[in-house]
Structures are given as structure tokens and as C-alpha cells.
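For reference, the chains in residue letters:
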Amino acid sequence: MELVAKLKKKPKIDGEKEYPFQVVVKPSGADKFSTEAKTLNGQLVYERKARPKPKIPRWLIGVLAGVAVAIIVILLLRGCGEPPEIIEFEFDYEAADQGGVAELAYELHWVIDNAAEVDINGEALEDAQLKEGEMLADPAITTVYVLTASNRAGAVNATIVIPPFISFGAEWLGCEFGLAWTAKGADQVYLNGEAVPAEGEMRMYPDEPAEYKLTAMNEGGEAEKTLTVAPATVTVTLPNGGETGFCGSNEEITWSTAEPQIDGSSVTAGIHHIGLEYSIDGGDTWHTIATNEPNDGSFAWTLPSTPSTTCLLRATIYCAEGDILGQDTSDAFFTIAGECTVDLLTPDEGEEIASMFRICYYYIPEEFSWIPNEYKVTWESEGVCIDHAALYYRVEGEERWEIIAPKLPNTGSYTWTVPFYCSASCHLRIVIYDSANNILCTDTHGFTIVGQGDGFTLITPENDAMDVARTNVSFSWCKVAGADAYDWVLSLDAELSSPIDMKSGLSAPATTYTGTLAWDTTYYWQVTAYGDGGFISASAIGTFRTVAAPAL
């Protein structure tokens, strides 16, 4: 198909007149036009009358040209202007409501000159804040804030890094404290001076109140937060030292406790139960009184039959899982004591007791000997925690108590060999002890030991004894009250002027002659007693005769 356009007449514009033109479409090949189409010589013809172009006044063209020039000048001037200037972009602190609690928050301030648009971290600011403004920063979201100011001349920006945002808290986890923290935007994080991750948690149970400080740092500065935790405590209030209780008696144990605390506030369900123990050896070993007892502050205790003056009580508090939360022990020793009464029956007060007896042999009238008095001491006692008894005697004027029997079964009687005193005023004491050797009760009676004959008695050899052995002759005499030394002399004459042996300063009332005496010879001997360095008394002069020489 061929398309040809041609004017029917030569175009001429004159006012508003129109001049027609034709468009001729020639078919080719098998193309045909419909019967309704307007054809001319077998060709499709489209006609349109041309409208003449309007005539523009010259004055309007001048105005439009001036406006265009002005616009171009303005755009050129603006394009060659100064970019914005950020005069101030900084942060400060301000008290802000953080979840109902007034805390310090960060506030951004800015002053900008010659800016057409301003945004912070991509968020556009309103027109009222283009020159000067402020806003609260949220370090929980970001700690880096970029201020961008722009106009047709360009854009400038400034960056602020504010200190990290710290979240730091503690909670009670049943038997211990759990610390948890996050430090948003931190380059370095420390917990009590030790480096830790920016986000973490930790469990602990300090023995005493402890402060934990979390410190986080970045190029914008440092932020820190502290919290304190205090362990549960228990304090023994009774017995706490100095008390005395008796074996088998009922005594009250009391204590006070404080729950674990976080920043001064007690946690709930901290202390679950308490255990009680006692020691009778100053804390070396412990014995159970009660376990899993409710923490109600008191317990009725039946004291054991284990007397001691070095007793302690220990209270231990536990959490529900059974871990120890705290312990306390009595501040000082208390006493578990026995209790008794004792009555010394014999010797009775003022009784005279013979120190020895002289035994004669009926078949040999001249033969006799001295034997000690076996005296039966008796007593009665009753009470609790009685373990054993002891007997002591003391001669009047002497400070020391002599032991008769140090540890006797508390049977109520003991056979005592009375010492060989010539004569002495004495005291006898019964002492009842508990198993820890503590004195429970005592009783004392005064009595007198009496000898045979008058005054200072020589015992062996008997006075006027016959047929005494010639070697290893034993000499003994009764004890003199108050004497601490004895002088002994052996002589061939009654005046003791020809001594064959003598000894001074003997502490015991006995000695032995180790020499050999003559056959069938009479000898004389005497003893003198001294006390506190001075003379007390002297015995009568005794005599004996040695055995005769055997017949040849």
C-alpha cells in the first residue's frame, strides 16, 4: 500500500481562512477498498482543511524572554551559593522518665546555618528544627548519630558517638544470685575490673555483702552502673557464750535470720530450712541436734549427758535445693554441766583414826610388828552426769592436798591405807567428777590421825628388838606433821657419841643401813624431824641387838 499526501492548492495563510489538502492512499496487489470508502480514480482520498497558525504579538515574546532570563540568572546564582554550616552538634544529660523512674538520659543539640534540608540518621527534621533543635537520644537503639544538612550548594554532616547504654540487673535464682547485663554500643565492657562480653550473665553467692560495677566504654565516653547483693545471714542468739546448762535439762536454742538482698531489698523464698549442731570440744567435732527445721527462730533442746566447758552451737541455713546459704556459731563457749550432791559419811567430823596397829604373836611373846590401818572411807551421792570420784587428804598446816585415789568408780566406798603419822590433824575430801573431769560436787571432813605411844614413834627395828640381821637393816619411823626432812643417826652407845652411820635431809621416813653390823651387839638410833628449815621434834633413842654368831 502506498501513501501520498498533496495539497489541492498552494497553501496560503490569510487570517482565519483554511486551505484544504489531500492524502491519497493507493492500493497495491490484492488490496481493495470497501464500497463505503471515498475513492478517486480507484484511490482512497483523505481530505483536511488546514488552519492558519495564530500570530504572536511581539511584546508578549519580549516578556517571556525576560522571565526566562531572570529564571536562568536565579538558578545560576543559587547554584554558585554557600553550602550549609553545622555550627553545633553535641549531646548533654537530662533527667528523663525511664519506665516510671527518673534517670539521666542523653539529649542531642544542634545549630545549623543555611540548610534547606536536615536529617539525623536518615530521618528528616521538620522545618522548625532546620536551624536549631534538640531531641532525646536512645542509646538502647544506637549510640551513633549522624547529622546531615544540605542545600543546592551541597551537603555537610557531623557525627556524635554517645556513651554506651547499660542494662544491668540481678535476680534470686533459688540458691544464688544471677547477674545479667547488656552494653549497647560498647567497645569495652568490664565487671569489677575484669573484661566481659557486651552481653552476658553470671551466677554467684558471696559470703558477705558485695558490690558489682559494670563499666562500658566507647569513643563517646564511659557509662557505669552498680548494684549490691547481700547473702542470707543467721545469728545464734542463745546459747551464745557464757551460759551453763545441766545434763538432761531442756534448754531453748534461739537465732535470727535475714533473707538475701538485692540493692537493699529482701528476696522472697530465700531461706527454706535450718540445721542445728553442737560441739563439746571447742569446734573440732560437731554433733547433730536437728535437720530440716523450719526457720521459726527457736528450738527446744534436751542437753546431752556429755558435760564440757568448751561447748559451741552452730546454726546453718539452707535454700530449698539444700545448698548452704549461711552459718553462725556461738560467740564464746558455754557449759554443759553435771549436777550432784555428795555426803561424806566416814570419817565423821572430828573422828580419830589410828595410823597403825601393833600385832603381837601369842606364841612368841617377844615378837610383834606394826601394820598400817586399812580404813574404809564411805560416801553417798546423787545427780546427773556423775562419772567418777576422787579422794584427797591434807595435813593441817600444809597447803597441798595429797591424792588418796585419783579416779574411783562412784561406788560409795574405798579402803584407805592410813599414812604412818605419829599424830596429825587432817582433812579428807571426796570430789565427784563428770566425764570431762569437771568437778560436780565435793564434801570435806576434819579428822585426826593418831599413832601408838607418845610423840615421835620409831617403828622398825622395834625398840629392844633382838636378833636383828647384821646387813641391809631397814629403819622406819612415823611421819611428823609439818616435817619435810629427817636426820638419822646409828651409834654403839646410848649417848650417840660414837655414831657408826648418820644421814641428813631424808625426805621419807625410812632408810637402810648397807654396812655390816657386829655379831650379838647392842646398837642405838634416833631420828630428828625438821620443817621449814627449823627443828620440829626428836624421837626417843631406840635400841636393838643383832643376832648372835652361829656356834662352831
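None of the values given here were measured: they were computed from a predicted structure.

Reading the values: rules and limits
- Residues numbered from 1 in each chain as written.
- Predicted model: local features only at pLDDT ≥ 70, side-chain atom pairs only at ≥ 80, totals over all residues.
- Heavy atoms only, no water.
- Helix = DSSP H or I, 4+ residues; strand = E, 2+ residues; numbered from the N terminus.
- Buried < 20%, exposed > 50% of the residue type's maximum accessible area, 1.4 Å probe, protein only.
- Contact = heavy atoms within 4.5 Å.
- Areas by Shrake-Rupley, 256 points an atom, 1.4 Å probe, with all protein chains shown as cover.
- Pairing = 2+ DSSP bridges.
- Axes fitted to C-alpha atoms, helices over the stretch in contact; angles between N-to-C directions.
- Phe/Tyr/Trp six-rings, centres within 6.5 Å; stacked < 30°, edge-to-face > 60°.
- Disulfide = S-S within 2.5 Å.
- Polar contact = N/O pair within 3.5 Å; in protein donor to acceptor, adjacent residues only side chain to side chain.
- pLDDT = per-residue confidence, 0-100.
- Patch = residues over 30% accessible without salt bridge, like charges linked within 9 Å, V, L, I, M, F, W, Y side chains within 5 Å.
- Salt bridge = Lys/Arg side-chain N within 4 Å of Asp/Glu carboxyl O.
- Lys, Arg positive; Asp, Glu negative; His and termini not counted.
- Charge placed at Lys NZ, Arg CZ, Asp CG, Glu CD.
- Core = buried A, V, L, I, M, F, W, Y, C linked by side-chain atoms within 4.5 Å.

## Some words on the overall build of the protein chain
And then number 1: Along the protein chain, the regular secondary structure elements total one helix and 49 strands.
And then number 2: Out of the 552 residues in the protein chain, the part that is buried amounts to 36%.
And then number 3: A separation threshold of at least 6 residues defines the contact pool for the protein chain, and within that pool the share at least 24 residues apart is 61%.
And then number 4: Surface summary for the protein chain: the accessible area is close to 31,800 Å², and the carbon and sulfur share equals 51%.

## Describing the environment of G322
And then number 1: Tracing the backbone shows G322 in the loop between β27 (308-318) and β28 (324-329).
And then number 2: Counting along the chain gives 30 residues from G322 to N292, while the straight-line C-alpha distance between them is 9.2 Å.

## Quick look at the sheet that holds strand β12 (residues 165-172)
And then number 1: The strand order β12-β13-β16 describes an open sheet built from three strands, whose pairing is antiparallel. One side of each edge strand has no neighbouring strand; the edge strands of this open sheet are β12 and β16 (199-204). Recorded for the sheet is a direction-independent mean angle of 15° between the axes of neighbouring strands.
And then number 2: The pairing of β12 with strand β13 (residues 177-184) spans eight bridges and is classified as antiparallel. Residue pairing in the sheet places E171 in a bridge with G178 of β13.

## A few points about the packing of aromatic side chains
And then number 1: One pass over the full model with this rule turns up 14 aromatic pairs.
And then number 2: Measuring from ring centre to ring centre gives 5.7 Å for F91 and Y106, while their planes differ by 85°; the resulting arrangement is edge-to-face. Taken together, the positions of F91 in strand β5 (residues 85-98) and Y106 in strand β6 (residues 101-113) put the pair 15 residues apart, joining distant regions of the chain.
And then number 3: Given the relative accessible area of 10%, Y106 is considered buried.
And then number 4: Judged by centre distance (5.9 Å) and plane angle (85°), the ring pair of W416 and F447 falls under edge-to-face. Note that W416 is positioned in strand β37 (residues 413-417) and F447 in strand β39 (residues 439-450), a separation of 31 residues in sequence. Each member of the pair W416 and F447 is classed as buried.
And then number 5: In textbook terms, an aromatic cluster arises when at least three aromatic residues are bridged by ring pairs, as seen for F475, W488, Y523, W525 and F544.

## Some details on the state of the cysteines
And then number 1: Across all of its chains, the model carries four disulfides by this definition.
And then number 2: Covalently, C175 is tied to C319 through a disulfide, its sulfur atoms 1.6 Å apart. One quick way to see it: the torsion about the S-S bond of C175 and C319 is about 80°, and its sign makes the bridge right-handed. Here C175 is found in the loop between β12 and β13, whereas its partner C319 is found in the loop between β27 and β28, with 144 residues between them in sequence.

## So, the side chain of S308
And then number 1: Considering the arrangement of structural elements, one finds S308 in strand β27.
And then number 2: In this structure the side chain of S308 is engaged in a polar contact, spanning 3.0 Å, whose partner is the backbone nitrogen of T310.
And then number 3: Apart from the residues lying within four places of it in its own chain, the contact partners of S308 are I280, F334, T335, I336, A436 and N438.

## Some details on the sheet that holds β37
And then number 1: Taken in spatial order, the three strands make up an open sheet running β30-β34-β37, and their pairing is antiparallel. Lying at the two open borders of the sheet, with one neighbouring strand each, are β30 (339-346) and β37. Sheet twist, expressed as the mean angle between neighbouring strand axes with direction ignored, is 25°.
And then number 2: Note that β30 and strand β34 (residues 374-384) share seven bridges and pair antiparallel. Across the sheet, the residue bridging to L344 is W379, located in β34.

## Considering the confidence of the model for the protein chain
And then number 1: This prediction gives the protein chain a mean pLDDT of 86; 84% of its residues lie at or above 70.
And then number 2: In the model, residues 46-50 has pLDDT below 50 throughout and makes 19 contacts with residues more than four positions away in sequence or in other chains.
And then number 3: In the model, residues 97-102 has pLDDT below 50 throughout and makes four contacts with residues more than four positions away in sequence or in other chains.

## Observations regarding a negative patch on the surface
And then number 1: Residues E88, E90, D92, E132 and E134 make up a contiguous surface patch of negative charge.
And then number 2: Those elements that provide at least two residues to the negative patch are β5 and β9 (132-136).
And then number 3: Of the residues forming the negative patch, the biggest block, three residues, is contributed by β5.
And then number 4: Note that D92 resides in strand β5.
And then number 5: On the accessibility criterion, D92 (40% relative accessible area) is partly exposed.

## Here we look at the nonpolar core
And then number 1: If you look at the biggest cluster of nonpolar residues, it comprises 63 residues, and the most contacted ones within it are F168, Y212, L276, I289 and W301.
And then number 2: Within the second largest apolar cluster, 26 residues are counted, among which are V342, L344, L391 and C426.

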